[in-house]
Amino acid sequence: MTSGKNTWVWQALSGLLLVFLLGLHLFANHFMADGLLTYDDVVAYLSNPLILVLEVLFLAAVLYHAVLGVRAIMLDRGISAQQERTLTRALTVVGVALFLYGVWLFWVILT
Amino acid sequence: MAEVTFKIYRYKPGAIDPPRYDTFKLDVEAHETVLDILERLRLDDPTLTYRHSCHHGSCGTCGMMVNGKEVLACVTRVLDLGTETVVVEPLRHLPLVSDLVVDMTPFFEKYEPIGMPYLRESEYLPEGQPPPEVGTYMRFESCLECGLCLSACPVVGTDPAYLGPAALAAAARVVQEPRGQDVARVLQMVDTEQGCWRCHSAMECSEVCPNDVDPGGMIMYLRRELLTGKTLSGGKR
Amino acid sequence: MNIEEYKRPEPRQPEARLSEWFSPTKRGVGGWAFLLHRLTGIVLVFYLLLHFSVLSYLARGPEAYQAALQFLDNPLFVALEVALIAAVVYHGLNGLRLLLMALNLGVKQQKAMFWVVFVLSALTTLVAAVYMF
């Protein structure tokens, strides 16, 4: 079983990071120039290496926070230790899969 | 003096099952509490079951839900509630024995492993005096073990393994003022996924606590102590 | 009946219904904060999945992406986006409030903090709504 404190700390840290990264993400998408309105805008946006790094970081943080959040909700329902192991594994798989999918999307757009 | 309608939750396994609400209309005086009303109703219906003891808010026995909120019935004046209808129900999240009586066993099952911190050296002995560097501390003895906090906590409602506000407040008390208790052991018990990290800070427990134990605040205190690397080996701050 | 025949009835176990989180019983300010935080979290998880499926159009080339954006360029979706901003801003700000509380900072002022969070969320949502419409 994961340490309760560590899980909580990671949830809090990813949340804190997200406040900044999400702010950046929304700002860039909607308020920089006219926002990312066309496909070419998206390509130009992601071609900046710093932006790309931040967006990948954002992707990782959001998925991590969401997975931990869903796990917390399920834990609150009162599940057995075995169910918890299965749940955590399943959620990890989903999270990693979505992350890889996101990275693949970045790659497709940029090439 | 006013006329008030009371809807009292009734349940008796095998007899009043499924539960129902019995309705009574009574003239109520300004000083009468919910417990006074229950005593009056019982004269007509001796099967009405509830717990009571001190009648002045210091034993924690008469905890129940009145108009959807956890209170001690003996200090809740009916007319102060300000409603024409008063709904009286048992505490939530605890097994229901009969009518307004709940089984407090789960409460104590979470509470006792902390180590019954209220049993300790007399505060009149020199060894029992808190060290001078302890500036302020909460009297844990404030806890009446009434169970209102467990009834109000949304996590206790769905997760039976969660230690709960009362036990965690007791643990915080041990950490603040060990008086011979093993702080490391207690901290280990609360530093778990079902301990102080399960809390979602709804603070409903502190909201309903009749004696200012502030379990929510105590849980946050425990978190801070654990986050700032509170040593597991000493009781010093 | 003999006393030996008497079998004490079992207490009725409380039901661990999920509706406990959303129960209408009187709750304090902190209880509302928890409920909204949970609701916005769930909404955001669903949105996240939806967002992934919209972004998948990016992989199908400029025309497909353009078509998807045009589909989304209607008042219903803009309204939903405003609701989304409300959810995100509340969840984030309340999250900061929870973080402060866990560091034992401002626990006594937790109710006031909630109102600050709520007002800021409402204002931001209003500004976003005006801007986007």
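These numbers were taken from a predicted model, which means no experiment stands behind them.

The subject of this paragraph is the overall build of chain B. Each helix and strand in chain B was counted, giving nine helices and seven strands. The long-range share in chain B, meaning contacts at least 24 apart out of those at least 6 apart in sequence, stands at 63%.

A word on the packing of helix H1 (residues 4–31) of chain A against helix H3 (residues 75–102) of chain C. H3(C) packs onto H1(A) with a crossing angle of 135° between their chain directions and a minimal axis gap of 10 Å. Considered as vectors, H1(A) and H3(C) are oriented oblique to each other. The element H1(A) and its partner H3(C) pack so that their crossing is left-handed. Residues Ala12(A), Gly15(A), Leu16(A), Val19(A) and Leu22(A) of H1(A) lie in contact with H3(C), whose contacting residues are Val88(C), Gly92(C), Gly95(C), Leu96(C) and Leu99(C). The class makeup of the residues in the contact of H1(A) with H3(C) is seven nonpolar, three polar and no charged.

Another aspect to go through is the pairing of strand S4 (residues 69–72) of chain B. All names here are of chain B. In this structure, strand S3 (residues 63–66) lies alongside S4, joined through four bridges in antiparallel fashion. Looking at the pairing, Val 66 lines up with Lys 69 of S4. Taking the residues between adjacent antiparallel strands as the criterion, S3 and S4 are bridged by two residues, where Asn 67 takes a positive phi near 50°.

Moving on, we get to the interface of chain C and chain B. Each partner contributes residues to the interface: chain C has 24 residues there, and chain B has 27 residues. Listed by contribution, the elements that provide at least two residues to the side of chain C that touches chain B are helix H1 (29–55) and H3 of chain C. Within the side of chain C that touches chain B, the residues separate by chemical class into 12 nonpolar, seven polar and five charged.

Now for the sheet that holds strand S2 (residues 16–28) of chain B. Strands belonging to one sheet form pairs held by backbone hydrogen bonds; the direction of such a pair is parallel or antiparallel. Residues and elements named next belong to chain B. Spatially, the five strands line up as an open sheet ordered S2-S1-S5-S3-S4, and their pairing is mixed. Every other strand in the sheet has two partners, leaving S2 and S4 as the edge strands with one partner each. Each neighbouring strand pair of the sheet contributes to a mean axis angle of 30°, computed without reference to strand direction. One ladder, built from two bridges, connects S3 with strand S5 (residues 85–89); its direction is antiparallel.

Residues and elements named next belong to chain B. Here strand S1 (residues 2–12) runs beside S2; their pairing, made up of 10 bridges, is antiparallel. Bridge pairing in S2 places Arg 10 opposite Arg 20. Hairpin geometry of S1 and S2 is characterised by an intervening segment of three residues between the two adjacent antiparallel strands and by a positive phi of about 85° at Gly 14. Bridge analysis of S1 against S5 gives four bridges, and the strand direction is parallel. Residue pairing across strands places Phe 6 opposite Val 86, the latter belonging to S5.

Right, let's talk about the domain arrangement of chain B for a bit. Residues and elements named next belong to chain B. Assigned domains of chain B: these are domain 1 (2–102) and domain 2 (105–227). On the domain 2 side, the residues contacting the 12 residues of domain 1 number 14 residues. Among the elements that make up the side of domain 1 that touches domain 2, the one with the highest residue count is S4 (three residues). Here the residues of the side of domain 1 that touches domain 2 are counted per class, giving four nonpolar, five polar and three charged.

Since the α-helix packs 3.6 residues into each turn, any two residues three or four apart lie on the same face. All names here are of chain B. Among the residues of helix H7 (residues 183–190), those classed as buried are Val 183, Val 186, Leu 187 and Val 190. Down the axis of H7, the buried set is contained in an arc of 100°. They therefore lie on one face. Where H7 is buried, its residues contact helix H6 (165–176) and helix H9 (215–227).

Looking now at the nonpolar core. Counting residues in hydrophobic clusters, the biggest one holds 87 residues, and the most contacted among them are Ala73(B), Cys149(B), Ala166(B), Leu168(B), Ala170(B), Ala171(B) and Leu222(B). Three or more residues apiece are contributed to this core by two domains, here domain 1 (2–102) and domain 2 (105–227) of chain B. What Leu222(B) contacts, discounting residues up to four positions off in sequence, is Leu168(B), Ala171(B), Ala172(B), Val175(B), Val190(B) and Cys196(B). Counting eight residues, the second largest nonpolar core, distinct from the first, contains Leu18(A), Leu59(A), Val62(A) and Tyr64(A).

Turning to the confidence of the model for chain C, a few remarks are in order. Residue and element names in this part refer to chain C. Of the residues in chain C, 92% have a pLDDT of 70 or more, and the chain-wide mean is 84. Looking over chain C, one finds the lowest element-wise mean pLDDT in helix H2 (residues 62–72), namely 82, and the highest in H1, namely 91. In the model output, the complex is listed with pTM 0.85 alongside ipTM 0.87.

It is worth spelling out the packing of H6(B) against H9(B) at this point. Residue and element names in this part refer to chain B. H9 packs onto H6 with a crossing angle of 55° between their chain directions and a minimal axis gap of 8 Å. Taken together, the axis directions place H6 and H9 in an arrangement best described as oblique. Crossing geometry of H6 relative to H9 is assigned as left-handed. Across the interface between the two elements, Pro 165, Ala 166, Leu 168, Ala 169, Ala 171, Ala 172 and Val 175 from H6 touch Pro 215, Gly 216, Met 218, Ile 219, Tyr 221, Leu 222 and Glu 225 from H9. Residue composition of the contact of H6 with H9, by class: 12 nonpolar, one polar and one charged.

Cut-offs applied
Residues numbered from 1 in each chain as written. Chains lettered and ligands numbered in written order. Predicted model: local features only at pLDDT ≥ 70, side-chain atom pairs only at ≥ 80, totals over all residues. Helix = DSSP H or I, 4+ residues; strand = E, 2+ residues; numbered from the N terminus. Contact = placed C-beta atoms within 7 Å. Axes fitted to C-alpha atoms, helices over the stretch in contact; angles between N-to-C directions. Parallel < 35°, antiparallel > 145°, perpendicular 65-115°, else oblique. Left-handed = near helix turned anticlockwise from the far one by under 90°. Nonpolar A, V, L, I, M, F, W, Y, C, P; charged D, E, K, R; others polar. Pairing = 2+ DSSP bridges. Domains from an automatic or database assignment. Buried ≥ 20, exposed ≤ 12 C-beta atoms within 10 Å, placed from the backbone. Arc of directions from axis to C-beta. Core = buried A, V, L, I, M, F, W, Y, C linked by C-beta atoms within 7 Å. pLDDT = per-residue confidence, 0-100.

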